[in-house]
Amino acid sequence: MKLVIVGGVAGGASAAARARRLSEDAHIILIERGEHVSFANCGLPYYIGGEIEEKDDLLVSTPEKLRDRFRIDVRVMQEVVSIDLLSSSVRIRDISGGQIYDESYDRLILAPGASPIRPPFPGADLEGVHVLRTVPDSEKIKERVARDRVKSAVVIGGGFIGLEMAENLARAGVKVSIVEMVDQVMAPLDFEMASQIHEHLMEKGVSLRLRDGVKSCRKDGGSLVVETNSGCELECDMVILSIGVRPEIDLARAAGLEIGSRGGIKTDQTMRTSDPRVFAVGDAVEVRDFVSGLDALIPLAGPANRQGRVAADNALGRASMFKGVQGTSVVKIFELTAGATGINEKRLKSIGRPYLASFIHSNHHVSYYPGAERMAIKLLFDPGDGRILGAQAIGKKGVDKRIDVLATAIRAGLTVFDLEELELAYAPPFGAAKDPINVAGMAAANALKRDMETIHWDEIAGMGEDSHVLIDLRDPDELEDSPPLPGSVNIPLNDLRSRLPELDKEKTYVLYCAIGQRGYYGYRIMAMNGFKARNLSGGMATSAPALKQKEWINRGCRVKED
């Protein structure tokens, strides 16, 4: 068996190592056009920021290690320029010497990855405008920051790499502005969850321009000037392009392999392409979304590693299946951690999938133990059986643990009722007797069992003033730091029962508090006394930042102006 693998990093390198573990006799050739066959591209921003001190720490494996330990024929700085499916061969160009030669294969695994998108605006290719995808990219940025004593930078795009670069540049003393074409950073999150990131970025001195794309970039003396579509000009010393990646499909398309509806190489659950002898893995492939069952293009390292393993299994004759991707992700943004798994609300709306949503805010461990930090969790679930469709979480501590539990719950097909019953590890330094996961399940189950009618932050503006009344259940001293919603009546929860005679049973009362817990208690009081009520899910902790930032953006696309 002769197995040729095109591309290294997560998918290709894992496929090569797996193939060797399955067969000592296979002739395995790994062809990589770069100088590094397997590196941690997720760690590149932290190398630039100095958290990772040595470049070699980014190298997951080296050609020498793959040769010595796995007896793999590793060829770096060589590029596959074409595939001949009829003759089962690839044409290879030696980048260093320019020689071109052909290599036959019995099975072929494609792991070409994805390339950073360079937008077509004028000046995108100027010196000082950088992308970040490879180790050499990170070295160029790191060297420029040190050599030119960069004091200001514009990051174009608010995705994972953009946010991580903003943090690491800011920690290095660089004044950072983020420009994002849509109204929020971090697309896997919904707006109200991303709003908490917006506030944290501003607290850390990062400027945001949302719903504002880049028109051009030009040189002005020794500086760069980024002009946005709204006419704003941002002068800086360096620009980082971080607006996403594009799957590298040219090689596969030219060979006649099928390209999917989402723009990636079409594969089945065995990672086979439209040619049964050719497999494809990683950022270039289109796979099945685990929750929706629809085609998906989700470039993440974890799925790429698993796809490489599955492709190697099937290439070597062992039946194996990749069961889909659910987009589980996590990112550190200064002191915050944000994570997501499954489908977000935007996507559920776009595909017309029925769902319900709930929000909770809960400490990551018991409040009486020092260092308790509050986290926000959003659950999206089926309105019929309560099956979990997606989840998002933001906080300073404990977020990664909860997102991993929720990702496992989605993979296992659990419902919100199951979350109520999960028995999770508890000791004061680590959690609570009612873990945030349990609390999230209880809040969602309450909605399904009709123990509570909820309303969400983006529905408030559409309420009729004649038929709906907002009641703020917080104590008066809380209103000084967090003003009530316009038109609210303040009735502290402890006074609610005694003031029910003042209220009109013909109206619907929207109850809210700091995080939604007292709103639930108030709802139960009113419902059992014959009133129509709804609880504002997540309380002011969810609604206040989302409403404030939506207003700012609608006034002119600036979240913060220096």
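Okay, so let's go over this structure.

Rules of the game
Positions within a chain are numbered from 1, following the residues in the order the chain's sequence is written. Given that this is a predicted model, residues contribute local features only at a pLDDT of at least 70 and side-chain atom pairs are listed and counted only at 80 or more, while totals for whole chains, interfaces and linings are drawn from all residues. Note that the side-chain values use all heavy atoms of the structure and ignore hydrogens as well as water. Strands were regarded as paired on the criterion that DSSP finds at least two bridges between them. The secondary structure listing takes helices from DSSP runs of H or I that are at least 4 residues long and strands from runs of E that are at least 2 residues long, numbered from the N terminus. Lines fitted to C-alpha atoms define the axes here, with helix axes fitted over just the stretch in contact, and angles between the N-to-C directions of these axes take values from 0 to 180 degrees. Note on definitions: a residue-residue contact is assigned when non-hydrogen atoms from the two residues lie within 4.5 Å. N or O atoms closer than or at 3.5 Å make up a polar contact, with two conditions inside protein: a donor-capable atom paired with an acceptor-capable one, and, for residues adjacent in sequence, both atoms drawn from side chains. Crossing handedness follows the turn of the near helix against the far one: under a right angle anticlockwise gives a left-handed crossing, and clockwise gives a right-handed one. When residues are grouped by polarity, Ala, Val, Leu, Ile, Met, Phe, Trp, Tyr, Cys and Pro land in nonpolar, Asp, Glu, Lys and Arg in charged, and all others, Gly among them, in polar. Residue types Ala, Val, Leu, Ile, Met, Phe, Trp, Tyr and Cys, when buried and joined through side-chain atoms within 4.5 Å, form a set referred to as a nonpolar core. Exposed residues in this analysis have more than 50% of their type's maximum accessible area, buried residues have under 20%, and partly exposed residues fall in between, with area computed by a 1.4 Å probe over protein chains only. The salt bridge criterion pairs a side-chain nitrogen of Lys or Arg with a carboxyl oxygen of Asp or Glu, the two atoms within 4 Å. Here, the arc refers to the directions that run from the helix axis to the C-beta atoms. Take the residue count of a helix, subtract one, and multiply by 1.5 Å to get its expected span. Two joining distances apply to patches: 9 Å for like charges and 5 Å for nonpolar side chains (Val, Leu, Ile, Met, Phe, Trp, Tyr), and every residue must have over 30% relative accessible area and no salt bridge. We get accessible surface area from the Shrake-Rupley algorithm with a probe of 1.4 Å; when it comes to residues, only the shown protein chains can shield them. Think of it this way: Lys and Arg go in the positive column, Asp and Glu in the negative one, and His and the chain ends go nowhere. Think of each charge as sitting on NZ of Lys, CZ of Arg, CG of Asp or CD of Glu. Any pair of Phe, Tyr and Trp rings, taking the six-membered ring for Trp, is counted once the centres come within 6.5 Å. Such a pair is stacked with planes under 30 degrees apart, edge-to-face with planes over 60 apart, and tilted for the rest. In this scheme, Lys NZ or Arg CZ marks a charge over a ring once it lies within 6 Å of the ring centre and within 35 degrees of the ring normal. The disulfide criterion used throughout: a pair of cysteine sulfur atoms within 2.5 Å.

All right, on to the sheet that holds strand S11 (residues 129-131) then. The strand order across the open sheet formed by 5 strands is S11-S18-S12-S13-S14, and the pairing between neighbours is parallel. Two strands close off the open sheet at either side, each with one partner strand: S11 and strand S14 (207-210). On average, adjacent strands in this sheet sit at an angle of 20° to one another, irrespective of strand direction. Note: S11 against strand S18 (residues 238-241), 3 bridges, orientation parallel. Directly across from Val131, in S18, lies its bridge partner Leu241. Together, strand S12 (152-156), strand S13 (175-180) and S18 form the strand contacts of helix H5 (residues 160-171), whose direction differs from that of S13 by roughly 165°.

Okay, the side chain of Asp212 next. With respect to the helices, strands and loops of the structure, Asp212 is situated in the loop between S14 and strand S15 (214-220). Here the side chain of Asp212 touches Arg209 through a polar contact of 3.1 Å, side chain to side chain.

All right, on to the sheet that holds strand S27 (residues 374-381) then. What the 5 strands build is an open sheet, ordered S24-S25-S28-S27-S26; its pairing is antiparallel. What marks the edges here is a single partner per strand, and that holds for strand S24 (329-333) and strand S26 (356-363). Across the sheet, the mean angle from the axis of one strand to that of its neighbour is 10°, orientation sign disregarded. Here helix H10 (residues 399-411) sits on the sheet and contacts S24, strand S25 (336-342), S27 and strand S28 (388-395); the angle it forms with S28, its principal contact strand, is near 180°.

Our focus in this paragraph is the packing of helix H1 (residues 9-22) against helix H8 (residues 301-315). Running from amino to carboxyl end, H1 crosses H8 at an angle of 35°, the nearest separation of the two axes being 7 Å. Crossing angle aside, the handedness with which H1 passes H8 is right-handed. Along its contact with H1, which presents Ala10, Gly11, Ser14, Ala15, Arg18, Ala19, Arg21 and Leu22, the element H8 presents Ala301, Ala304, Asn305, Gly308, Arg309, Ala312 and Asp313. Taken together, the residues of the contact of H1 with H8 break down into 7 nonpolar, 4 polar and 4 charged.

Ile83, Leu108, Ile109, Leu110 and Met271 are the most contacted members of the largest nonpolar core, which totals 49 residues. With sequence-adjacent residues up to four places away left out, Ile109 is seen in contact with Leu3, Val4, Ile5, Val6, Ala15, Phe279, Val281, Ala311, Ala312 and Ala315. If you look at the next biggest cluster of nonpolar residues, it comprises 46 residues, including Tyr47, Leu59, Val145 and Ala340.

Take the pattern of salt bridges next. The final tally for this structure, using the stated rule, is 37 salt bridges. Between Lys378 and Glu345 there is a salt bridge; the shortest N-O distance is 2.6 Å. Highlighted residues: Lys378 in strand S27 and Glu345 in helix H9 (residues 345-351), separated in sequence by 33 residues. Taken individually, Lys378 and Glu345 each receive the classification buried, so the pair is uniform in this respect. Of the charged contacts in the structure, one is a salt bridge between Glu453 and Arg450, with a shortest N-O distance of 2.8 Å. Residue classification places Glu453 among the partly exposed positions, given a relative accessible area of 26%. By sharing partners, the salt bridges in this structure join Glu127, Glu143, Arg144, Arg147 and Asp148 into a single network.

Before going further, it helps to spend a moment on helix H3 (residues 63-70). Residues of H3 that are buried: Pro63, Leu66 and Phe70. With its buried residues spanning 85° around the axis, H3 presents them on a single face. What points out from H3, more than 90 degrees from its buried face, is the exposed set Asp68 and Arg69. Of the surrounding secondary structure, the elements contacted by the buried residues of H3 are H1, strand S2 (27-32), strand S4 (59-61) and strand S5 (73-76). Looking one or two places after H3, you find Arg71, whose phi comes out positive at around 50°.

Let us now look at H1. When the terminal C-alpha atoms of H1 are compared, their 20 Å separation across 14 residues agrees well with the 20 Å that a helix rising 1.5 Å per residue should span. Here H1 lies mainly inside the structure; 11 of its 14 residues are buried. Of the positions making up H1, those classed as buried are Ala10, Gly11, Gly12, Ala13, Ser14, Ala15, Ala16, Ala17, Arg18, Ala19 and Arg20. Looking at the buried positions of H1, the neighbouring elements they touch are strand S1 (2-6), S2, strand S3 (38-39), H3, strand S9 (107-110) and H8.

So, about a positive patch on the surface. A cluster of basic side chains, namely Arg288, Arg306, Lys323 and Arg411, defines a positive patch on the protein surface. Structurally, Arg288 can be placed in strand S22 (residues 285-288).

The next subject is a negative patch on the surface. The grouping of Asp475, Asp477, Glu480, Asp481 and Asp495 at the surface amounts to a negative patch. Here Glu480 shows up in the loop between strand S30 (468-472) and strand S31 (489-490).

Enumeration according to the criterion identifies 3 aromatic pairs in this entry. Ring geometry for Tyr520 and Tyr521: centres 6.0 Å apart, planes at 45°, overall tilted. The lysine or arginine in question, Lys142, covers the ring of Tyr47, its NZ or CZ lying 4.8 Å from the ring centre. Its guanidinium or amino end placed over the ring of Phe191, Lys550 lies 4.0 Å from that ring's centre, counting from NZ or CZ.

Under the defined criterion, the tally for this structure stands at 0 disulfides. Not part of a disulfide, Cys217 finds its nearest cysteine sulfur in Cys236, a span of 6.3 Å. Accessibility expressed as a relative area gives 6% for Cys217, which makes it buried.

Along a regular strand, successive side chains alternate from one face of the sheet to the other. Here S14 shows a buried face lined by Ser207 and Arg209 and a second buried face lined by Leu208 and Leu210. Where S13 and S14 come together, 4 bridges link them in parallel fashion. Bridging across to S14, Ile178 finds its partner in Leu208.

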